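# Structural characterization, general
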Amino acid sequence: MLDINARYLGVPTLLLMENAGRKIADECESFKNIVIFSGRGGNGGDGLTAARLLHSQGKKVKVYALSGRRSQECQENFDMIKALDLQVTEVYDSSQCEIIRKEVGNCDVAVDALLGVGVEGSVREPIRSLIELINHLECGKISVDVPSGDDETSVKADIVLALHNEKVSGSKIVDIGMPPEAEKYVGPGDVYLAIPRRNVDSHKGDFGRVLIVGGSKRYIGTPMIVAQACLKGGADLVTIACPKIVAERIPYDPNIIVDPLKSKNYFSEDDVEKILEGKFDVLVIGNGLGTHSDTKYVLRELLGKVETQIVLDADALRLVDKKHLKNNMVLTPHAHEFESLFGGIGEDREMACKAAAKKTETVVLLKGAVDVISNGKTTRLNKTGNPAMTVGGTGDVLAGLVAGLIAQNKNSYSSACAGAFLNGLAGDIAFEKFGVSVTATDVIGEIHSAISFSEKFY
């Protein structure tokens, strides 16, 4: 994620890879006979860079690189070492491991650069056999960033060389020139984390169902803005549960399911049971809700009974009592809503946001010229967006985007970070086209452009 954000900030991945390779080579300085096991991604590219640098120092280096499609930077480094006078063997399957074991039996140190962070599921062959091979070698063992493996088996490293920051306890942290802004500010890397890859055998509903509880006699169209942003963010199915007057007058969109409730103009006690009967992964509540007394009861009942993840926005933030906030909630207040709920912000918005998130165990996305996103432990900032987005409805777009992302990845904090970035970026793209004439629906119309822009940095 950080390397993607760094690329967005103008720091090439190849430069970071070169720096990482140099740190690995420095760690191998006292050894003469070195074997490097390289994967296909950034971690593997780091190992290949180290192999080139160690070879230039006169070390005896052998490289065993996983075959298959590599990342661009990894492939570039692979091509470079193939031109050098050192042993490079591509590993296709586990049957090669016995030969490899004989070839590297007298090495001084083995470098594990097979897998990096973010690998999910069980380790497959031939990686599993390579991990077992490394563990049986009678030499020093260095893992790059994290020991490769899974819960069943992993490299038993003597040293874990953590690039930029610690991923596993006890690692040796080295500086590779990662700009601090890549970690502080959200960017395309956060979008990469928030939007899962889709397989050819995916089915309807696999990427989430969102239920929007909102709308009232005064605010007819608001829930539709949220719903359309949800869909553009990637959710599979979106339903609006609303009073009858909203269902009758809301702008028609064939992509959205509109479910009229028993109430006529505002939510009432009789609506709670039907809302809870719905099938959804994420609940968005508050947009156009109004502040009617019965509505407050409905909100309290839903927050107490819904166990899936919830996004609270707009009127819900004005009606909710702090004691009803729980760890399955994302709050998206602007400054006035934040102050009404938590008290004054003061001069340090980051500290105020983090304190509120920590106290309530929620994720808080404090909107502003610079958005602040915190889960009480980690706090990030977002700088996308522009003054034209003061137009009504852009906050509803944000709530819908965050919910649509949560529906896909089930991670509230990651979704809040990516949602803030994409919402502001879509607004910036719309502003370039329409200037001060930007509307909330214009922003929705550019969400796909914002996602496509982010993908250029993957």
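Please refer to the structure placed before this passage.
Residue indices begin from 1 for each chain and proceed along its sequence in written order. Selection of residues for local features in this predicted model requires a pLDDT of at least 70, selection of side-chain atom pairs for listing and counting requires 80 or more, and totals for whole chains, interfaces and linings are taken over all residues. Excluding hydrogens and water, the side-chain figures rest on all heavy atoms present in the structure.

A few words now on the overall build of the protein. Secondary structure elements are taken from DSSP: a helix is a run of H or I of four residues or more, a strand is a run of E of two residues or more, and numbering for both begins at the N terminus. Helix and strand content of the protein: 19 helices and 16 strands. Taking the principal axes of its C-alpha atoms as reference, the protein extends roughly 80 × 40 × 40 Å. Relative accessibility thresholds used throughout: buried, under 20% of the residue-type maximum; exposed, over 50%; partly exposed, between the two (1.4 Å probe, protein chains only). Per-residue burial for the protein yields a buried fraction of 55% across its 458 residues. Note that accessible areas follow from Shrake-Rupley with a 1.4 Å probe, and for residues the cover is restricted to the protein chains shown. Just so you have it, the protein exposes about 20,600 Å², and 48% of that area is on carbon and sulfur atoms.

Glancing now at the pairing of strand 9 (residues 237-242). Among the six residues of strand 9, five are classified as buried, and the element is accordingly described as predominantly covered. Strands qualify as paired when DSSP identifies two bridges or more between them. Inspection of the sheet shows strand 8 (residues 209-213) paired to strand 9 by five bridges, in the parallel sense. Considered in strand 9, the bridge of valine 213 is made with alanine 241. A right-handed crossover is one whose linking path, passing over the helix from the first strand to the second, runs clockwise when the strands point away from the viewer. Remark: the strand 8/helix 9 (residues 222-233)/strand 9 crossover connection has right-handed handedness. Inspection of the sheet shows strand 9 paired to strand 10 (residues 257-260) by four bridges, in the parallel sense. Paired with cysteine 242 across the two strands is proline 260, which belongs to strand 10.

The subject of this paragraph is a nonpolar patch on the surface. Within the patch definition used here, like charges are joined within 9 Å and nonpolar side chains (Val, Leu, Ile, Met, Phe, Trp, Tyr) within 5 Å, considering only residues with over 30% relative accessible area and no salt bridge. Should a side-chain nitrogen of Lys or Arg be within 4 Å of a carboxyl oxygen of Asp or Glu, the pair is scored as a salt bridge. Together, Tyr192, Leu193 and Tyr458 make up an exposed nonpolar region whose accessible area comes to about 270 Å². Relative to the helices and strands, tyrosine 458 resides in the segment after helix 19 (447-455).

Throughout this description, the term nonpolar core refers to a set of buried Ala, Val, Leu, Ile, Met, Phe, Trp, Tyr and Cys residues connected via side-chain atoms within 4.5 Å. By size, the foremost hydrophobic cluster in this structure holds 56 residues, and its most contacted members are Val210, Ile212, Val311 and Ile373. With eleven residues, helix 17 (residues 412-434) is the largest single contributor of residues to this core. Grouped together as the second largest cluster of nonpolar side chains are 36 residues, Ile285, Leu299, Leu312 and Leu319 included.

For the rest of this paragraph, the subject is the packing of helix 17 against helix 19. The axes are straight lines fitted to the C-alpha atoms, using for helices just the contacting stretch, and the angles between their N-to-C directions are given from 0 to 180°. Contact geometry for helix 17 and helix 19: axes closest at 8 Å, N-to-C directions at 110 degrees. With respect to helix 19, the axis of helix 17 lies roughly perpendicular. Contact with helix 17, carried on its side by Phe421, Leu422, Leu425, Ala426 and Ile429, involves Ile447, Ser449, Ala450, Ile451, Phe453 and Ser454 of helix 19 and no other residues of that element. Here roughly perpendicular refers to angles of 65 to 115 degrees, roughly parallel to angles under 35, roughly antiparallel to angles over 145, and oblique to all remaining angles. Two residues qualify as a contact provided that any one of their heavy atoms is within 4.5 Å of a heavy atom in the partner residue.

Before going further, it helps to examine the environment of aspartate 348. With respect to the helices, strands and loops of the structure, aspartate 348 is situated in the loop between helix 14 (335-342) and helix 15 (349-360). Taking relative accessible area as the criterion, aspartate 348 reaches 37% and is therefore assigned partly exposed. Contacts described as polar in this section are N or O atom pairs within 3.5 Å, which, within protein, must combine one atom able to donate a hydrogen with one able to accept it, while residues neighboring in sequence count only if both atoms come from side chains. Of the polar contacts made by the side chain of aspartate 348, one reaches the backbone nitrogen of glutamate 350; its length is 3.2 Å. A polar atom in the side chain of aspartate 348 sits 3.0 Å from the backbone nitrogen of methionine 351.

Turning our attention to the sheet that holds strand 9. With mixed pairing, the nine strands of this open sheet are ordered in space as 10-9-8-11-12-13-14-15-16. With one partner strand each, in any of the chains shown, strand 10 and strand 16 (379-382) form the two edges of the open sheet. Within this sheet the neighbouring strands show an average axis-to-axis angle of 20 degrees, counted without direction. Looking at chain direction, strand 15 (residues 371-374) and strand 16 are connected through four bridges and run antiparallel. Bridge pairing in strand 16 links valine 372 to leucine 381. Along the sheet face, helix 9 touches strand 8, strand 9, strand 10 and strand 11 (282-285) and points at about 165 degrees away from the line of strand 9. Relative to the sheet, helix 17 contacts strand 12 (309-312), strand 13 (329-331), strand 14 (363-366), strand 15 and strand 16, its axis offset from that of strand 15 by approximately 170 degrees.

What follows concerns the pairing of strand 3 (residues 87-91). Side-chain positions along a regular strand alternate between the two faces of the sheet. Examined bridge by bridge, strand 2 (residues 60-66) and strand 3 share five bridges and lie parallel to one another. Of the residues in strand 3, the one forming a bridge with lysine 62 is glutamine 87. This β-α-β element, strand 2 to helix 4 (residues 72-82) to strand 3, shows right-handed connectivity.

No statement about biological role is implied by the geometric values presented.
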